[in-house]
Amino acid sequence: MADLLTVESLSKNFGGLAALKEVSLAIGEGEIVGLIGPNGAGKTTLFNVITGIYPPSAGRVNYLGKVVARAKRRARWLPFFSVGALASTIAAFVLGERYLFTLGGAGAASLAVALAFTVVGVVLAPKRGVRSDQIASSGLYRTFQSINLFDDMTSLENVEVGGHRMSHAGLADTVFLTPRYRRDEGRVREAALEAIKFVALEGKEEWKAGALPYGLQRRLEIARALVSKPKLLLLDEPAAGLNPTEKNELLELIRQVRDAGITVFLIEHDMKLVMNVCDRVVVLDHGEAIAAGRPEEVQKNPRVVEAYLGTKASKGVA
Ligand SMILES: Nc1ncnc2c1ncn2[C@@H]1O[C@H](COP(=O)(O)OP(=O)(O)OP(=O)(O)O)[C@@H](O)[C@H]1O
Ligand SMILES: [Mg+2]
């Protein structure tokens, strides 16, 4: 089984707070992997770094064999080289104007120094990784912990918003309603209808998203992430606030998503759901990955039990 996503020694600091500490993990194609841990353990932060919302403080993330996030390196040196390049360029102009044509060498030498500073500055420039929209275009999609829909738009329109990344139409196509625009709109509409059907919201296409019951809004969010046919889907607490029946339906939906060939990385507090649906589980505590393995092994791990003691989730784990 090939690894779709690997996280290598990933750390993220917010000022003095270490939200992630050297977290390493791998997700294989076709797996459903759970990410659990007490409140504030760093789960959402991990998703935010993987999807390019925050740059990591150290370490990197590889997706489909490419680095999509890495810490900015040697950034401390960059201002020195930028200032050096600027100063040398100014010197080159001043000297060049006065002496270049008479003395020849001085202005040219200064220009050469400026060029050298610029080259070194560019080489040492921090590697920023890939922008979050580029990560999404390569088939990695997510949902958010809190519902993030456009309440006044219909269900269909909300899902179409997610599908517009598939569109190749540019600004001119959109303004002049070119055949390419119409073709793309048709494709997006078709994919949106298919995604709505997949999450069993058929018949609710024209409902305003804000008017849908809470449980259906959660499903609509999944449809919006599915519309672009992701390879990897990150779900941040999709079962939060659902009743037991809705949770069971969600569990079934997650299995269907996997059966459709989509790998799932799932943050979840409901241990029953995690144990039922996940092939593997990774446990975060205070930013550290303290355990990883099959759900039944992880459940017995003393460090995991200890991490959960005193929290509401301990009922499910201990
Ligand atoms: N943008 C930010 N700026 C500063 N601190 C942050 C930021 N985002 C997260 N944190 C802090 O990082 C830590 C981890 O937060 P995170 O949201 O990742 O936890 P979590 O495991 O998702 O928790 P929960 O189960 O409550 O959703 C917390 O202490 C949080 O306050
Ligand atoms: Mg969270």
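Worth saying up front: this structure is predicted, and the values here are computed from it rather than measured.

Please clarify how the nonpolar core should be interpreted in this entry.
As a rule of thumb, nonpolar side chains are buried together in soluble globular proteins. Within the largest apolar cluster, 45 residues are counted, with the highest numbers of intra-cluster contacts made by Val159, Leu233, Ile254, Leu266, Leu273, Val277 and Val283. Grouped together as the second largest cluster of nonpolar side chains are 26 residues, Leu4, Val7, Val49 and Ile50 included.

Explain the packing of aromatic side chains here, please?
Two aromatic rings are characterised by how far apart their centres lie and by the angle between their planes. Scanning the model with the defined rule gives two aromatic pairs in all. Judged by centre distance (5.3 Å) and plane angle (80°), the ring pair of Phe14 and Tyr54 falls under edge-to-face. Within this pair, whereas Phe14 is found in strand S1 (residues 3–14), its partner Tyr54 is found in the loop between helix H1 (43–50) and strand S4 (58–63), the two being separated by 40 residues in sequence. For Phe14, a relative accessible area of 34% translates into the label partly exposed. A ring pair is formed by Phe47 and Phe265, whose centres lie 5.3 Å apart and whose planes are at 50°; its orientation type is tilted. Placement of Phe47 in helix H1 and of Phe265 in strand S8 (residues 263–267) is noted, with a sequence separation of 218 residues between them.

What exactly am I supposed to notice about the packing of helix H5 (residues 155–163) against helix H8 (residues 214–226) here?
Packed helices, taken two at a time, are described by their axes: the angle between them and the distance between them. Packing of H5 against H8 leaves a shortest axis separation of 7 Å and a crossing angle of 35°. Crossing angle aside, the handedness with which H5 passes H8 is right-handed. Of H8, the residues touching H5 (which contributes Ser155, Asn158, Val159 and Gly162) are Leu220, Ala223 and Arg224. A per-class count over the contact of H5 with H8 returns three nonpolar, three polar and one charged.

What is the right way to look at the packing of H8 against helix H9 (residues 244–259) in this model?
Packing of H8 against H9 leaves a shortest axis separation of 11 Å and a crossing angle of 10°. As judged from the angle between their axes, H8 and H9 are roughly parallel. Contacts from Gly215, Arg219, Ile222 and Leu226 of H8 reach H9 at Glu246, Glu249, Leu250, Leu253 and Val257. Partitioning the contact of H8 with H9 into residue classes produces five nonpolar, one polar and three charged.

I'm lost on the side chain of Ser155 in this one. Help?
Within the element layout of this structure, Ser155 appears in helix H5. With a relative accessible area of 1%, Ser155 lands in the buried category. Of the polar contacts made by the side chain of Ser155, one reaches the backbone oxygen of Lys204; its length is 3.0 Å. In this view, Ser155 contacts Ile196, Lys204, Glu205, Trp207, Ala209, Leu212 and Leu220; residues no more than four positions away in its chain are not counted.

Would you explain unusual backbone geometry in this entry?
Positive phi, normally seen in glycine, also occurs at Leu64, with a value near 55°. Tracing the sequence through the fold places Leu64 in the loop between S4 and strand S5 (66–70). Look at Lys229: it is not a glycine, yet its phi comes out positive at around 50°.

Any chance you could explain the coordination of the magnesium ion (ligand 2) here in plain terms?
Six octahedral donors around a metal ideally sit at 90 or 180 degrees from one another, while four tetrahedral donors ideally sit at 109.5 degrees. Protein coordination of the magnesium ion (ligand 2) is provided by Thr44 (OG1) and Gln145 (OE1), with donor distances spanning 2.0 to 2.2 Å. Placement of Thr44 in helix H1 and of Gln145 in the loop between strand S6 (140–142) and H5 is noted, with a sequence separation of 101 residues between them.

Just checking my understanding: could you explain the pairing of strand S2 (residues 17–28) for this structure?
On a regular strand, each side chain points to the face opposite its neighbour's, so the side chains alternate between the two faces of the sheet. Where S1 meets S2, eight bridges bridge the pair, whose relative direction is antiparallel. When the sheet's bridge partners are listed, Leu10 is paired in S2 with Val23. The turn linking S1 back onto S2 is made up of two residues, and Gly15 within it adopts a positive phi angle of 60°.

Help me understand H5 in this model?
The α-helix winds at 3.6 residues per turn, so residues separated by three or four positions along the chain end up facing the same way. When you tally the buried positions in H5, you get seven out of nine residues, the bulk of the element. Of the residues making up H5, those classed as buried are Ser155, Leu156, Asn158, Val159, Glu160, Gly162 and Gly163.

Explanation requested: the sheet that holds S2 in the structure shown.
Backbone hydrogen bonds hold the strands of a sheet together, and the pairing may be parallel or antiparallel. Across the sheet, four strands lie side by side as S2-S1-S4-S5; this open sheet has antiparallel pairing. Two strands close off the open sheet at either side, each with one partner strand: S2 and S5. Strand-to-strand, the axes of this sheet are offset by a mean angle of 20°, without reference to chain direction. Across five bridges, the pairing between S1 and S4 is antiparallel.

I'm lost on the site of ligand 1 in this one. Help?
Around ligand 1, the structure places 15 residues, and the nearest of them are Gly40, Lys43, Thr44, Thr45 and Gln145. Within the side chain of Thr44, one N or O atom sits 2.8 Å away from an oxygen atom of ligand 1. Starting from 630 Å² of accessible surface for ligand 1 in isolation, the protein chains cover 65%. Sorting the residues of the shell around ligand 1 by element identifies S2 and H1 as the ones contributing at least two each. When residues in the shell around ligand 1 are grouped by element, the largest group, three residues, is from H1. Tallied by class, the residues present in the shell around ligand 1 amount to six nonpolar, seven polar and two charged.

Please explain the sheet that holds strand S7 (residues 232–236) as it appears in this structure.
Sheet architecture is open: six strands sit in the order S6-S7-S8-S3-S9-S10, paired in mixed fashion. This sheet does not close on itself; its edge strands, each paired only once, are S6 and strand S10 (288–293). Between one strand axis and the next, the sheet turns through 15° on average, direction left out of account. The pairing of strand S3 (residues 32–36) with strand S9 (residues 280–285) spans four bridges and is parallel. Along S9, the bridge assignment pairs Gly34 with Val281. Sitting on the sheet, H1 is in contact with S3, S6, S7, S8 and S9, with an inclination near 140° to S8. The strands that H8 touches are S6 and S7; relative to S7, the one it contacts most, it runs at about 155°.

What counts and what doesn't
- Residues numbered from 1 in each chain as written.
- Chains lettered and ligands numbered in written order.
- Predicted model: local features only at pLDDT ≥ 70, side-chain atom pairs only at ≥ 80, totals over all residues.
- Heavy atoms only, no water.
- Core = buried A, V, L, I, M, F, W, Y, C linked by side-chain atoms within 4.5 Å.
- Buried < 20%, exposed > 50% of the residue type's maximum accessible area, 1.4 Å probe, protein only.
- Phe/Tyr/Trp six-rings, centres within 6.5 Å; stacked < 30°, edge-to-face > 60°.
- Helix = DSSP H or I, 4+ residues; strand = E, 2+ residues; numbered from the N terminus.
- Axes fitted to C-alpha atoms, helices over the stretch in contact; angles between N-to-C directions.
- Left-handed = near helix turned anticlockwise from the far one by under 90°.
- Contact = heavy atoms within 4.5 Å.
- Nonpolar A, V, L, I, M, F, W, Y, C, P; charged D, E, K, R; others polar.
- Parallel < 35°, antiparallel > 145°, perpendicular 65-115°, else oblique.
- Polar contact = N/O pair within 3.5 Å; in protein donor to acceptor, adjacent residues only side chain to side chain.
- Donors = N, O, S within 2.8 Å, 3.2 Å for Na, K, Ca; no water.
- Pairing = 2+ DSSP bridges.
- Near = heavy atom within 4 Å.
- Areas by Shrake-Rupley, 256 points an atom, 1.4 Å probe, with all protein chains shown as cover.

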